[in-house]
Number of protein chains: 2
Amino acid sequence: MTTAELPTTKGQQTRQRILAAAAPLFNQKGFAGASMQEILDATGLEKGGLYRHFPTKQHLAEEALRYTMARSVRTRTEPLDPTQTAPDQLRTLIARFVTAPSTIPGGCPLMNTAIDADDTNPNLRALARHAVEDWKTRLIQIIDRGIAAGHIRPETQPRQIANTIIATLEGALMLSRLEAATTPLEDARDTLDHVLRAITPKSQRHPQRRRTSHQ
Amino acid sequence: MTTAELPTTKGQQTRQRILAAAAPLFNQKGFAGASMQEILDATGLEKGGLYRHFPTKQHLAEEALRYTMARSVRTRTEPLDPTQTAPDQLRTLIARFVTAPSTIPGGCPLMNTAIDADDTNPNLRALARHAVEDWKTRLIQIIDRGIAAGHIRPETQPRQIANTIIATLEGALMLSRLEAATTPLEDARDTLDHVLRAITPKSQRHPQRRRTSHQ
């Protein structure tokens, strides 16, 4: 939250408190699974206090998702070390995802919403789609800068690499949560490390980064 | 369905009819989102007819998921052409997933259940986990055979490659559904093609298979 977003009035503080309580419940239980009563219990507010800020469950879910997604995408793409090359910046972001894949209980809010809302809730789905586009755009910008600086091979397709990073990390997070093991995320990191080596010009490669077994 | 599983009695036929109607509803709406009334409407049965076979929603969801998952894993790993090398068998399975990622409306039932049930329904989660293990084991067997035959480099870690294939395809399916576009799945296929080239001994590579741009 930037200074400009700090809640200043009591009403804004209550609103933030409701969002902070509702966001993990929606993320863990989904739209249909989380009830307004549970959210009310988690906030400690009276019913009137909740409905004054969010007249419907749909309204609350949308605002909670905006609140969560902005944080998720930021954490996954910032801060970047400007002294690193683009492939190393991507490695840093991938390593951060593998170590701390979610900023909120219940797994990745983008994936949860994409799965939960795909057939049932077009507004929530649109929010998830927007967050994924934002994430992808930021990765593509890093890759574009890397190509311009000669740190990434010029024939690389930025969109393909960005899609692969997001897909592999999200899928691996799903597997890791399902298996209650970090292996799938670590395996994804190692394979992505190899993919990043392959798009790095030979003259730019760090020999010590050969972590994967299949090169 | 094998011949041994064919429903022979009227009761078994009704049971299959309920599962076939319930499976897509659970897959599209999730456990909490799909109601017994909707399922009842989809089957055209009386309430007593449904509850005679499945006394609870939980019971019905578990059986519907078993029914769906067995089909999904089979479709994703069979049949294999024994005249192909292991990397080409994996390419065939990947291409099949990219063309027809789900056997049922609502996206991948493994991912849907993994996301829907992760914090709320341990029995459904266990079924999804079992299906993923089954899929992974079948991929590892293909890779092991490839190593034994000299078609895959001996230092390859089969589990890492299997985890990467599953994670990348599942994550790409999520992105493709979210964006209503096939690009993420096609990008995943192209990157996986590159990963498979990297684990193939140089003497075994097909030069015409160089489809990706970053090699």
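Small disclaimer: the values here were computed from a predicted structure and weren't measured.

(A) Spotlight on the overall build of chain A. Across its full length, chain A holds nine helices and zero strands. Going from the N terminus to the C terminus, chain A shows its helices and strands as α-α-α-α-α-α-α-α-α. If one aligns the C-alpha atoms of chain A with their principal axes, the spans along those axes are about 65 × 40 × 25 Å. Relative to its 215 residues, chain A shows a buried fraction of 52%. By sequence separation, contacts in chain A at least 24 residues apart represent 64% of the contacts at least 6 residues apart.

(B) Quick look at the relation of the copies chain A and chain B. When chain A is brought onto chain B, the operation consists of a screw motion whose angular component is 180° and whose axial shift is 0.0 Å, with 0.0 Å RMSD remaining. Both copies are brought into coincidence by an operation consistent with a two-fold rotation axis. Comparing contact sets, 100% of the residues at the interface of chain A also lie at the interface in chain B, consistent with an isologous, same-surface contact.

(C) Just helix α6 (residues 109-117) of chain A, in detail. Counting buried positions along α6 of chain A yields eight of nine residues, so the element is predominantly enclosed. Burial in α6 of chain A covers these residues: P109, L110, M111, N112, T113, A114, I115 and A117 of chain A. Tucked inside the fold, the buried residues of α6 of chain A contact α1 (10-33), α4 (57-77), α7 (122-148) and α8 (158-179) of chain A together with α6 (109-117) and α8 (158-179) of chain B.

(D) Representation of the confidence of the model for chain A in the model. All names here are of chain A. Overall, the prediction assigns chain A a mean pLDDT of 90, with 93% of residues at 70 or greater. Scored below 50 in pLDDT, residues 209-215 makes 29 contacts in the model with residues more than four places away or belonging to other chains. Scoring the predicted complex yields pTM 0.89 and, for the interface, ipTM 0.88.

(E) Representation of unusual backbone geometry in the model. Following E78 of chain A, the chain continues to P79 of chain A via a peptide bond in cis, the omega torsion being -15°. Phi is positive for A180 of chain B, which is not a glycine, with a value near 50°. For A180 of chain B, the location among the structural elements is in the loop between α8 and α9 (183-198).

(F) Structural view of the nonpolar core. Ranked by internal contacts, the top residues of the largest apolar core, which has 119 residues, are L60 and M111 of chain A together with L60 and M111 of chain B. Discounting chain neighbours no more than four positions away, the residues touching M111 of chain A are E170, L173 and M174 of chain A together with M111, I115 and M174 of chain B.

(G) Quick peek at the packing of α4 of chain A against α6 of chain A. Residue and element names in this part refer to chain A. In contact at an axis separation of 9 Å, α4 and α6 are set at 135° when each is read in the N-to-C sense. Judged on the interaxial angle alone, α6 and α4 are oblique. Contact residues: L65, T68, M69, S72 and R76 in α4; P109, L110 and T113 in α6. Looking at the contact of α4 with α6, its residues break down into four nonpolar, three polar and one charged.

(H) Summary view of the interface of chain A and chain B. Listed per partner, the contact involves 52 residues of chain A and 52 residues of chain B. Carbon and sulfur atoms supply 58% of the area buried between chain A and chain B, which totals about 4,500 Å² over both sides. Here R159 of chain B ties to D187 of chain A by a salt bridge, and the two come within 2.7 Å at their closest N and O atoms. For the interface between chain A and chain B, the tally reads 15 residue pairs in polar contact (both at pLDDT 80 or more). Considering each element in turn, the side of chain A that touches chain B owes the most residues, 16 residues, to α8 of chain A. Of the residues that constitute the side of chain A that touches chain B, the class distribution is 18 nonpolar, 19 polar and 15 charged.

(I) View of the side chain of R76 of chain B. All names here are of chain B. Examined against the element boundaries, R76 turns out to sit in helix α4 (residues 57-77). From its side chain, R76 meets the backbone oxygen of P101 in a polar contact 3.0 Å long. In contact with R76, not counting residues within four places along its chain, are L93, F97, P101, C108, L110, W135 and E170.

(J) Representation of the environment of L65 of chain B in the model. Tracing the backbone shows L65 of chain B in helix α4. Residues L65 of chain B and K47 of chain B, 18 residues apart in the sequence, show an inter-C-alpha distance of 21 Å.

(K) The packing of aromatic side chains, seen in detail. Residues and elements named next belong to chain A. Counted under the stated rule, the structure contains four aromatic pairs over all chains. Ring centres of F26 and F31 lie 6.2 Å apart, and the angle between their planes is 10°; on these two criteria the pair is classed as stacked. Classification of F31 as partly exposed rests on a relative accessible area of 22%. Positioned above the aromatic ring of F31, the side-chain terminus of K57 is 4.9 Å from the ring centre. Sitting over the face of the ring of W135, R76 holds its NZ or CZ atom 4.7 Å from the ring centroid.

(L) Region of the structure containing α4 of chain B. For α4 of chain B, with 21 residues, the first-to-last C-alpha span of 30 Å sits near the 30 Å given by 1.5 Å per residue. Turning to α4 of chain B, its buried residues are L60, A61, E62, E63, A64, L65, T68, M69, S72, V73, R76 and T77 of chain B.

Basis of the calculations
Residues numbered from 1 in each chain as written. Chains lettered and ligands numbered in written order. Predicted model: local features only at pLDDT ≥ 70, side-chain atom pairs only at ≥ 80, totals over all residues. Heavy atoms only, no water. Helix = DSSP H or I, 4+ residues; strand = E, 2+ residues; numbered from the N terminus. Buried < 20%, exposed > 50% of the residue type's maximum accessible area, 1.4 Å probe, protein only. Contact = heavy atoms within 4.5 Å. Least-squares fit on C-alpha atoms with pLDDT ≥ 70 in both. pLDDT = per-residue confidence, 0-100. Core = buried A, V, L, I, M, F, W, Y, C linked by side-chain atoms within 4.5 Å. Axes fitted to C-alpha atoms, helices over the stretch in contact; angles between N-to-C directions. Parallel < 35°, antiparallel > 145°, perpendicular 65-115°, else oblique. Nonpolar A, V, L, I, M, F, W, Y, C, P; charged D, E, K, R; others polar. Buried area = accessible area lost by both parts, 1.4 Å probe. Salt bridge = Lys/Arg side-chain N within 4 Å of Asp/Glu carboxyl O. Polar contact = N/O pair within 3.5 Å; in protein donor to acceptor, adjacent residues only side chain to side chain. Phe/Tyr/Trp six-rings, centres within 6.5 Å; stacked < 30°, edge-to-face > 60°. Lys NZ or Arg CZ within 6 Å of the ring centre and 35° of its normal. Expected span 1.5 Å × (residues − 1).

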